[in-house]
Amino acid sequence: MSPGKPPLVLASASPRRLDLLARIGVVPDRVLPTDVDETPLKAELPRPLAGRLAALKAAAAAAASPGALVLAADTVVGVGRRILGKPADAAEARRFLALLSGRRHHVYTGVVVVTPEGRSLSRLVDTILTFQRLTEQQIDDYLAGGEWQGKAGGYAIQGKAEVFVRFLSGSHSSVVGLPLFETAQLLRGVGWLRP
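Parameters at a glance
Starting afresh in each chain, residues are numbered from 1 along the sequence in its written order. Local features in this predicted model are restricted to residues whose pLDDT is 70 or higher, and side-chain atom pairs enter the listing and the counts only when it is 80 or higher, whereas totals over whole chains, interfaces and linings include all residues. Remark: hydrogens and water are excluded; side-chain values derive from all non-hydrogen atoms of the structure. Counting from the N terminus, the helices are the DSSP runs of H or I reaching at least four residues and the strands are the DSSP runs of E reaching at least two. Exposure classes here rest on a 1.4 Å probe applied to the protein chains alone. A residue is buried below 20% of its type maximum, exposed above 50%, and partly exposed in between. Any two residues having at least one pair of non-hydrogen atoms within 4.5 Å are treated as being in contact. In this analysis, rings of Phe, Tyr and Trp, with Trp reduced to its six-membered ring, are considered paired at centre separations within 6.5 Å, and the interplanar angle assigns stacked below 30 degrees, edge-to-face beyond 60, and tilted for intermediate values. Criterion for a charge above a ring: Lys NZ or Arg CZ within 6 Å of the ring centre, and within 35 degrees of the ring normal. In this analysis, strands are considered paired if DSSP registers two or more bridges between them.

## Describing the environment of Gly110
Step number 1: Mapped onto the elements of the fold, Gly110 is located in strand 5 (residues 104-114).
Step number 2: Its relative accessible area of 1% is what places Gly110 among the buried residues.
Step number 3: C-alpha separation for the pair Gly110 and Leu178, spaced 68 residues apart in sequence, amounts to 8.5 Å.
Step number 4: Filtering out sequence-adjacent residues up to four positions away, Gly110 remains in contact with Ala50, Ala54, Ala72, Ala73, Asp74, Arg123 and Leu124.

Set out below in structure tokens:
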């Protein structure tokens, strides 16, 4: 931690978010995963869910970290009004991949920074992707590799699923779990990261 800068707390257990932050030279002083209920509200759509969960995680980490700058994020995959969370098992991951096959979907990532004074700043990034039409064999092979586990939508773009992506408009790093441009802008905005 640099002199005069508050400690940075990352409210996430995701190793992918740590890796992404390292790419822009940001190393959190503390990693503090939060235990918030990620169940969507009745009729809640994917976009507002991503923003709400990021804000909940940021607030929980800020309450446990007085004097710190807190960074939180949440990523939600949406097909129309439908939310594709982290699949419970391979059968659900198969259903997700079959649904994504040959069609467009959105990946929303909410990012929230809470200052030591309690001020909250946020961004919500919408990335549009289209998967190629997937064969049963491609789905079988992907599921056998296990990458789907713990991943929203049942896939990891930073892994073997990247070959399925026919079109992407928006932030690649957001699909991985943290939009680097917007995150850096937020950290610069509060004076934690140099312009």
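## Structural notes on the packing of aromatic side chains
Step number 1: All chains considered together, the criterion is met by 3 aromatic pairs.
Step number 2: Centre to centre, the rings of Tyr142 and Phe164 are 5.6 Å apart; their planes meet at 65°, and the pair counts as edge-to-face. On the criterion of sequence distance, the pair formed by Tyr142 in helix 4 (residues 136-145) and Phe164 in the loop between helix 4 and strand 7 (165-169) is long-range, its members being 22 residues apart.
Step number 3: An aromatic cluster of three or more residues is present, and its members are Phe131, Tyr142, Tyr155 and Phe164.
Step number 4: Sitting over the face of the ring of Trp192, Lys5 holds its NZ or CZ atom 3.9 Å from the ring centroid.

## Details of the pairing of strand 6 (residues 120-131)
Side-chain positions along a regular strand alternate between the two faces of the sheet.
Step number 1: Relative to strand 6, strand 5 runs antiparallel, the two sharing 11 bridges. Bridge pairing in strand 6 places Gly110 opposite Leu124.
Step number 2: Between the end of strand 5 and the start of strand 6, which pair antiparallel, lie 5 residues, with Gly118 showing a positive phi angle near 95°.
Step number 3: Both strand 6 and strand 7 contribute to a ladder of 4 bridges, which runs antiparallel. Within the sheet, the bridge partner assigned to Thr130 lies in strand 7 and is Phe167.

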